[in-house]
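These are the residues of each chain, in order.
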Amino acid sequence: QVQLVESGGGVVQAGGSLRLSCAASETKFTINAWGWYRQAPGKQREWVAMETPGGGPTHYTDSVKGRFTIIRDRTVNTAYLQMTGLKPEDTAVYYCNARVENAWIRGGYDDWGQGTQVTVSS
């Protein structure tokens with residue numbers, strides 16, 4: 001099965017940019033969609049960006065529209081989340097997910113690991 005590892009987080013000033021990475025440890029399966037989620041302290045995990053399988057549009061939660069973009073690199077089975085115009089409310093641990101065939105690798109009750117921390121200072 002495919003294992004996912006996030007990286008690229010850090011501390012930035014409000015208005016700054018970060019590019020997060022999500023690397024797949026296996027390349028024997030075709031990933032047909034990528035998704036990004038985040039979890040702020042004391043809150044539940046929420047989705048922030050989601051690709052549509054089959055070449056459909058990428059959806060973004062209202063709070064990040066126009067600022068976040070999913071980018072994929074098929075040659076290394078990696079996806080990125082390009083974040084610009086960061087705000088303090090974007091502070092959270094960020095996670096990725098990937099869809100293989102008709103199922104997402106990480107389920108709602110699974111352990112999603114450590115993610116990557118993004119901290120935006122005001």
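Preceding this paragraph is the structure being described.
Remember, it's a predicted structure, so these values are computed and weren't measured experimentally.

Engineer: Which residues make up the nonpolar core, and what values go with them?
Structural biologist: Leu 4, Trp 34, Trp 36, Phe 68, Leu 81, Met 83 and Tyr 94 are the most contacted members of the largest nonpolar core, which totals 27 residues. For this core, the elements supplying multiple residues, two or more each, are strand 3 (18-24), strand 4 (31-39), strand 5 (46-50), strand 7 (68-73), strand 8 (78-83), strand 9 (92-100) and strand 11 (116-121). With five residues, the single largest contributor to this core is strand 9. If sequence neighbours within four positions are ignored, Tyr 94 has contacts with Glu 6, Leu 20, Tyr 37, Arg 38, Phe 68, Leu 81, Met 83, Gly 115, Thr 116 and Val 118. Grouped together as the second largest cluster of nonpolar side chains are five residues, Tyr 37, Met 50, Tyr 95 and Trp 112 included.

Engineer: Which residues make up the state of the cysteines, and what are the values?
Structural biologist: Applying the stated criterion across every chain yields a total of one disulfide. Put simply, Cys 22 and Cys 96 are joined by a disulfide, and their sulfur atoms are 1.9 Å apart. Between Cys 22 and Cys 96, the S-S dihedral sits near 60°, and the bridge is therefore right-handed. Residue Cys 22 is found in strand 3, and its partner Cys 96 is found in strand 9; the two are separated by 74 residues along the sequence.

Engineer: Would you mind going over the sheet that holds strand 1 (residues 4-7) in detail, with residue names and values included?
Structural biologist: Strand order in the open sheet formed by four strands is 1-3-8-7, with antiparallel pairing between adjacent strands. For this open sheet the edge positions go to strand 1 and strand 7, each flanked by a neighbour on one side alone. Strand-to-strand, the axes of this sheet are offset by a mean angle of 20°, without reference to chain direction. As judged from the four bridges shared by strand 1 and strand 3, these two strands associate in the antiparallel manner. Across the sheet, residue Ser 7 finds its bridge partner in strand 3, namely Ser 21.

How each quantity is defined
- Residue indices follow the written sequence of each chain, beginning from 1 at its first position.
- Confidence filtering applies because this is a predicted model: local features only for residues at pLDDT of at least 70, side-chain atom pairs given and counted only at 80 or more, and all residues used for totals across whole chains, interfaces and linings.
- The side-chain numbers reported here are obtained from all heavy atoms of the structure, hydrogens and water having been left aside.
- In plain words, nonpolar cores are sets of buried Ala, Val, Leu, Ile, Met, Phe, Trp, Tyr and Cys residues tied together by side-chain atoms within 4.5 Å.
- A 1.4 Å probe rolled over the protein chains alone gives each residue an accessible area, and that area as a share of the maximum for its type sets the label: buried under 20%, exposed over 50%, partly exposed in between.
- Secondary structure follows DSSP: runs of H or I at least 4 residues long count as helices, runs of E at least 2 residues long count as strands, and numbering of each begins at the N terminus.
- We call two residues contacting when some pair of their heavy atoms lies within 4.5 Å.
- Put simply, a disulfide is two cysteine sulfurs that come within 2.5 Å.
- Strands were regarded as paired on the criterion that DSSP finds at least two bridges between them.
- Each axis is a line fitted through C-alpha atoms, and for a helix only the stretch in contact is used; angles between axes span 0 to 180 degrees, taken between their N-to-C directions.

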